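# Chain and residue survey
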Amino acid sequence: MAGNKKISSLQAIVLAAGTSSRFKTGRSKLVEKICGREMILYPTEILRNLDIPVLMVVGFQRDSIEETIRNNFYEGITFIHQEEQKGTGHAIQCTKDAWIADNILVMNGDMPLITADIIEKLEKKHSSTNAAISFVTAHHCDPNAMYGRVIQGNDNVQIIEAKEFDGDLSEQCCVNAGIYLIKKEFLTTYLSKLEQSSKTNEWYITDLIKMASDHKLGVSTLAVPFDKIRGVNDFKELWAAEQIKKSEIIQYWMSQGVRFSIAHNVQIDWDVTIGAGTFIGSGAQLLRGTHIGKDCYIDAFTLIRKTTIADRTTLHPHTIIDDSIIGSDVFVGPFASVHGHSQIKNGAVIGSFVEVNRSIVGVGSKAKHLTYLGDTIIGNSSNIGAGTIACNYDGAQKHTTTIHDNVFVGANNTLVAPVTLHNQSMTAAGSTITQDVPSEALGIARERQVNKEGYATKIKKEKQDAATQEEGSTRFFGATTTSKTSINEL
Amino acid sequence: MAGNKKISSLQAIVLAAGTSSRFKTGRSKLVEKICGREMILYPTEILRNLDIPVLMVVGFQRDSIEETIRNNFYEGITFIHQEEQKGTGHAIQCTKDAWIADNILVMNGDMPLITADIIEKLEKKHSSTNAAISFVTAHHCDPNAMYGRVIQGNDNVQIIEAKEFDGDLSEQCCVNAGIYLIKKEFLTTYLSKLEQSSKTNEWYITDLIKMASDHKLGVSTLAVPFDKIRGVNDFKELWAAEQIKKSEIIQYWMSQGVRFSIAHNVQIDWDVTIGAGTFIGSGAQLLRGTHIGKDCYIDAFTLIRKTTIADRTTLHPHTIIDDSIIGSDVFVGPFASVHGHSQIKNGAVIGSFVEVNRSIVGVGSKAKHLTYLGDTIIGNSSNIGAGTIACNYDGAQKHTTTIHDNVFVGANNTLVAPVTLHNQSMTAAGSTITQDVPSEALGIARERQVNKEGYATKIKKEKQDAATQEEGSTRFFGATTTSKTSINEL
Amino acid sequence: MAGNKKISSLQAIVLAAGTSSRFKTGRSKLVEKICGREMILYPTEILRNLDIPVLMVVGFQRDSIEETIRNNFYEGITFIHQEEQKGTGHAIQCTKDAWIADNILVMNGDMPLITADIIEKLEKKHSSTNAAISFVTAHHCDPNAMYGRVIQGNDNVQIIEAKEFDGDLSEQCCVNAGIYLIKKEFLTTYLSKLEQSSKTNEWYITDLIKMASDHKLGVSTLAVPFDKIRGVNDFKELWAAEQIKKSEIIQYWMSQGVRFSIAHNVQIDWDVTIGAGTFIGSGAQLLRGTHIGKDCYIDAFTLIRKTTIADRTTLHPHTIIDDSIIGSDVFVGPFASVHGHSQIKNGAVIGSFVEVNRSIVGVGSKAKHLTYLGDTIIGNSSNIGAGTIACNYDGAQKHTTTIHDNVFVGANNTLVAPVTLHNQSMTAAGSTITQDVPSEALGIARERQVNKEGYATKIKKEKQDAATQEEGSTRFFGATTTSKTSINEL
């Protein structure tokens, strides 16, 4: 969605050194995620697409910011350390030695909703008006909002920072977005003339506007919708920004043929893709790295992360798929968890209360009820009985259970890995399988049933007597008496 | 909620042939569901209640539309096939031979929010003003909305289709709803005089307005709220329409004594009924065919479809009930799935991680933990131990497990169907039950316990040694070595 | 958040006798909960904080209201019974004998959003203007809203009850909040002069305004935002009030460093506390008595009630914690249910499809898959295998399973309580453990495996033959034939 026009004559300074104090988390707000992506990456991506090299001023939590940039393979970014927080003017000052372009773009790092066209339009206006300094304004009527107020006279303009403003903030609705485009020669001359605020001891870059205006050096402004430039100073503003971003993403996918049941309920990350004809149920969480095919049915309360799903697959409600690959025409859930690089191949069925972890379930195979498949490789057309547990952990190591094609695992089996069930084999319900089962063989490992006539009634009576004797005493964590005829002794 | 006044002098043409191209699903939008009901059924239902016979013009995906109408038992609808999409005027033309009433009502099929009173008022106005043509207008200021614009002069009126409009659409807020009532004689005379648009090659029914106006034949308009007549041309508009419909439904049930926790979170279908005093938790999905009694507690993240629930029943969070019948004073969940025509009778308890499929659970019986009941019939006052699996599938067929009254099934049992546990019988924990257990008998099928002194420490050491030897090698799907003292050989 | 200034010269009458007929539940609306707290407690709490003694007029469902007040330890409240519903004037009359203060505050019981500063400001205005009667007004333009309308002339003022109002309600937007501060001497003199409405047969306290105005005794008004004084007369208004209350609570916690994913989706009760740096996922239900530490991650679709969670703990999606204590650095879920005074100690892991009930899981111990722990005490660093069931119920009593430190319970075990697994012991997968396992011993209780060559193929064929024979007959609840070679007879 970002523009691809390159603006190569510019150089950008991104202000990313702030202490994020209103977040109260001890972390930099710039690595908080909006729709699954760290906030600092949004403006960074815009600048990369425009081919504008970046000087990023960092200070508070600089390591986490730099690591985020590096992990996302952004190049052409030079980090400059601002050791003390002395205002925007001081931050610009720190970058002075690195200025090489004729025009310097300055912007804040916490602008997740900004779009490339704002930078492009600002650059056009700046060059066409030959201004010394150009900046972006927006209309926003909120006396509590800490944006600088833009005060325009007949032939003069200035920005007064909110904390320096003496008048009624609610009457000043033209606010400074914090995006400036400045001629290097103007900046070089005037930056050193900024004066420290007696109120805050900061140097403000915004004072440059008044200087340029007073000296008739040319000031241009570009008015844009507030939502495009809204900053993020606390979790309330972050929530608002994320709602807007998410709304854009959802409306885009709606236009591509995706139906959302309760759209305002859904979480969808910036890099998710969804095929036409797919239904997204209420509350679905589609998290980063998720790619869903066509005509799928993703039901309510599902959560999908870092997963690819092919076409016509159904995720029943309450299904979690994390870091896995799901084929086409698959059914998963309700109440299933698939994770750990698992693969569910075409036409397979994973049912209720089934966990699949680091496993492969082959074409058309089924595990439908109350089953744990860990480190298990299943071939095609096999059926895993309800209540089956693949015991992959021996207390020290994980081992693999291998189930070949057309195998029928009986219900409530315990498969002690490493173990292999060969093609066409079968196991009896209730078995604990500790040895390989050859092809076409039946593995059985359970005791024969005995019925003890009348014992149920006898045991019941004794247990009730025991319960009666204990009446009045506390039973919580305390009951230890058993009936006399223990079924354990039969 | 629909009016019941019959308007028998009219005949309606419903336009349902469009290609729904902006939906991008390859399906007709008219069979997309809004609150669980196919969109085409909303206007159809209004017309049926008003006793107005319908000529439905179909084309794109006509089979699915006709099937939807038939499946919902609508009669008095004649389908007329429009082979090519050549505009509304052409669609009307296709129906010509079937006109029998003196006045013809024309409307779009994608008006899910329309109410009977609009048709009634239009009819009144049309007849009282003796107009040649009457139509419905609404106020809607959106330059992107593709509604025809109504241009009214002192004594003339016309509709210009949005795609033919040359001026500024944002200044024309009086829009054409697409609902017309036309004298048959006027229609007969003037329909053939429509001219094809040079821009789109379509014939527009809207041109009839200018003709009637120019010839002073009488044109009446009826202004209604936009939300009542909003069309649905893409998934964004469908979402908006469904939100409005849902809001009406929820407000209705609120007025009937139902408490919704987070109302904007809930999905509720058009035919759902709920008794007074019932609580509906956050995110609940109450889907078509659901009927809930009085004083129930339906907690968060529940999903109910095609199910009847009696009074005072509690569904704990994360419960799914599909196509089943639930009695009164029942508790289900959390994390339970009941489906497949199952019945849970009065006072029964279905607990956590329990699936009930094609089964009956009798009065006061309990299955509280990690249990699969498939094709299982349970009598009254029986208790199913935690971890019990009814093995209903032998690889080829499903079989029935029968559990009579006052039976106590021990924990972690495997019940191999077909099998019957008779009245007052009991099974020992950990048993695989393959034969019927007689009344009052105890069924037991498990091995006696042996303790091997010191073996735990020995095995642990060996396993750790094995793990150490493998260190550095990849263990993912690859670990196959076991310790030397295998507990499998004991 | 409530003010702490004490206003000791006042006495309050709280009107709590109404029949709540529009709720249709048969219960008093005053015990319906808003953000987890009964509605009547909100104004009661404000008055308690201001040290104002209360005369509460009760009638309909008086027992449930009085019990709610008592259960929440409010003192200084005298209940006065209004036997018949004859209007606000009559309700005040019932309290007459109990007036001792010089000024009487009258307010409705259904004002969950009122704040202490409104009472404080009203008292200041009342005393500074020496008014006979002072009351609170708000601006609200809704012709359907049943608030009394405040009609102000040049030097007179009156309130006309909505049901007595003859004009256009939509033009009268100054409404009576139902909060009055009245000089006792004025009230004593004029209350008896109220006349019964001929329309409703009620006596209206609002008629006192006109009397005071007509006699020039001094009437003061205090205008406040409507949301602060909105009443709750049906479930729609209750929903609206709860949304506002919840929004205040969430915004407060956002300002304290808590991140909410989809804030409008979350339920949060009035007494919940959350540490800075904690993430609250979509749909989370944080219910009364919940206290969450710092830097926790509470993922989507979780439900927490009456539970304390320490720092850095992760609740995976679809986790329910009720009435329990969770340590720091714990992981629970996805799909887990912990309840019944359970304790999960630091660093422990509870995994998928695991239920923990009345149990203690020690430091660093793990139960990761498909496990039921009921009445189970687990020491430190023990591992519970997948599929383990603690059988705590013998049909009559609950018994305790005790697992000491560093124990390894094999998969799919059935632990028949009362039973103890001592330090460093181990059990074999698939065992039913009925006797204590000594320290360092291995408990084993399962049958040895036998492989029957070729039997799988043989059985499969027979079962398919049986299925074929039954084809065409209904199989639902009816299939009873088995194959000839039953694996049960092997």
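For clarity, every value in this text was computed on a predicted model and none was experimentally measured.

With that settled, consider the overall build of chain A. Each helix and strand counted, chain A has nine helices and 40 strands in total. Compactness check: chain A gives a C-alpha radius of gyration of 32 Å against a globular reference of 23 Å for 490 residues, more than 25% above the reference. Seen through its C-alpha atoms, chain A measures out along the principal axes to roughly 105 × 60 × 40 Å. Per-residue burial over chain A gives 59% buried out of 490 residues. Here the analysis covers contacts within chain A between residues at least 6 apart in sequence; of these, 42% occur between residues at least 24 apart.

Residue and element names in this part refer to chain A. Sheet architecture is open: nine strands sit in the order E14-E17-E20-E23-E26-E28-E30-E33-E36, paired in parallel fashion. Looking at which strands have only one partner, the edges of the open sheet turn out to be strand E14 (273-274) and strand E36 (419-421). Of the pairings in the sheet, the one linking strand E33 (residues 401-403) to E36 comprises three bridges and is parallel in character. Residue Thr401 lies in a different strand from E36, and its bridge partner there is Val419.

Turning our attention to the interface of chain A and chain B. For interface size, the figure often reported is the accessible area lost on association. Listed by partner, the interface residues are 72 residues for chain A and 79 residues for chain B. Both faces combined, the contact of chain A with chain B buries some 5,700 Å², and carbon together with sulfur accounts for 57% of it. Considering only the surface of chain A that becomes buried against chain B, Arg259, Gln397 and Gln449 of chain A emerge as the three largest contributors, covering 13% of it. In this assembly, chain A and chain B are joined by four salt bridges. Across the pair Asp394 of chain A and Lys463 of chain B runs a salt bridge, and its minimum N-O distance is 3.7 Å. The interface formed by chain A and chain B holds 21 residue pairs in polar contact (both at pLDDT 80 or more) in total. Secondary-structure elements contributing two or more residues to the side of chain A that touches chain B are helix H8 (235-255), strand E12 (259-260), strand E27 (349-357), strand E29 (366-374), strand E30 (376-378), strand E40 (450-452) and helix H9 (455-470) of chain A. A total of five residues in the side of chain A that touches chain B trace back to one element, the largest contributor, which is H9 of chain A. Of the residues that constitute the side of chain A that touches chain B, the class distribution is 28 nonpolar, 29 polar and 15 charged. Direction of pairing for E40 of chain A relative to strand E39 (residues 442-444) of chain B: antiparallel, over a ladder of three bridges. Residue pairing for E39 of chain B: Asn451 of chain A is matched across the bridge by Gly443 of chain B.

Before going further, it helps to examine the packing of aromatic side chains. The tally for this structure, following the rule as stated, stands at 30 aromatic pairs over all chains. On the basis of an interplanar angle of 80 degrees and a centroid distance of 5.9 Å, the ring pair of Phe353 of chain A and Phe353 of chain B is categorised as edge-to-face. Taken together, the positions of Phe353 of chain A in strand E27 and Phe353 of chain B in strand E27 (residues 349-357) put the pair across two chains. Phe353 of chain B carries the same exposure label as Phe353 of chain A, and that label is buried. When the centroid spacing of 5.1 Å and the interplanar angle of 15 degrees are considered together, the rings of Phe335 of chain C and Phe353 of chain C count as stacked.

The two copies are related by a screw operation: chain A maps onto chain B through 120 degrees of rotation and 0.0 Å of translation along the axis, at an RMSD of 0.1 Å. Here the two chains are linked by the operation of a three-fold rotation axis. The C-alpha atom lying nearest the rotation axis in chain A is that of Glu447 of chain A; the distance is 3.4 Å.

All names here are of chain A. Of all residues in chain A, 94% attain a pLDDT of 70 or more, and the chain-wide mean is 92. Low confidence marks residues 472-484, where pLDDT is under 50. Its contacts with residues over four positions away, or in another chain, come to 30 contacts. Scoring of the predicted complex yields 0.94 for pTM and 0.93 for ipTM.

All names here are of chain A. Each assigned domain of chain A is listed here: domain 1 (10-228) and domain 2 (235-443). For domain 1 versus domain 2, the separation of C-alpha centres amounts to 46 Å. Each partner contributes residues to the interface: domain 1 has 15 residues there, and domain 2 has 14 residues. Counting the surface lost from both domain 1 and domain 2, the interface buries some 1,300 Å², and carbon and sulfur atoms represent 63% of this. For the interface between domain 1 and domain 2, the tally reads one salt bridge. Of the charged contacts in the structure, one is a salt bridge between Glu38 and Arg288, with a shortest N-O distance of 3.4 Å. Counting across the domain 1 and domain 2 interface gives six residue pairs in polar contact (both at pLDDT 80 or more). Only strand E2 (33-34) and strand E3 (37-38) provide two or more residues apiece to the side of domain 1 that touches domain 2. Grouping the amino acids of the side of domain 1 that touches domain 2 by side-chain chemistry returns seven nonpolar, two polar and six charged.

The subject of this paragraph is empty space enclosed by the protein. Summed over the entire model, instances satisfying the criterion amount to four cavities of 30 Å³ or more. Quantified by volume, the largest cavity comes out at close to 240 Å³. If you go around the largest cavity, you meet 23 residues; those closest to its centre are Gly430 and Thr432 of chain A, Gly430 and Thr432 of chain B together with Gly430 of chain C. When the residues that make up the lining of the largest cavity are grouped by side-chain class, the tally is three nonpolar, 14 polar and six charged. Considered as a void within the structure, the second largest cavity measures approximately 110 Å³ in volume. Class assignment for the residues of the lining of the second largest cavity results in six nonpolar, six polar and no charged.

Let us look at helix H2 (residues 62-71) of chain B. Residues and elements named next belong to chain B. Considered for burial, the residues of H2 that qualify are Ile65, Glu66, Thr68 and Ile69. All buried residues of H2 fall inside an arc of 155 degrees around its axis, so they share one side. In H2, the exposed residues that point more than 90 degrees away from the buried face are Asp63 and Arg70. Residues of H2 that are buried make contact with strand E1 (10-16), strand E3 (37-38), helix H1 (41-49), strand E4 (54-58) and strand E5 (77-81).

The rules we used
- Residues numbered from 1 in each chain as written.
- Chains lettered and ligands numbered in written order.
- Predicted model: local features only at pLDDT ≥ 70, side-chain atom pairs only at ≥ 80, totals over all residues.
- Heavy atoms only, no water.
- Helix = DSSP H or I, 4+ residues; strand = E, 2+ residues; numbered from the N terminus.
- Rg over C-alpha atoms; globule rule 2.2 N^0.38 Å.
- Buried < 20%, exposed > 50% of the residue type's maximum accessible area, 1.4 Å probe, protein only.
- Contact = heavy atoms within 4.5 Å.
- Pairing = 2+ DSSP bridges.
- Buried area = accessible area lost by both parts, 1.4 Å probe.
- Salt bridge = Lys/Arg side-chain N within 4 Å of Asp/Glu carboxyl O.
- Polar contact = N/O pair within 3.5 Å; in protein donor to acceptor, adjacent residues only side chain to side chain.
- Nonpolar A, V, L, I, M, F, W, Y, C, P; charged D, E, K, R; others polar.
- Phe/Tyr/Trp six-rings, centres within 6.5 Å; stacked < 30°, edge-to-face > 60°.
- Least-squares fit on C-alpha atoms with pLDDT ≥ 70 in both.
- pLDDT = per-residue confidence, 0-100.
- Domains from an automatic or database assignment.
- 1 Å grid on protein atoms, 1.4 Å probe; cavity = no way out; pocket = protein on both sides within 12 Å on 5 of 7 lines; lining within 4 Å.
- Points joined across faces, edges and corners; volume = space filled by probe spheres on them.
- Arc of directions from axis to C-beta.

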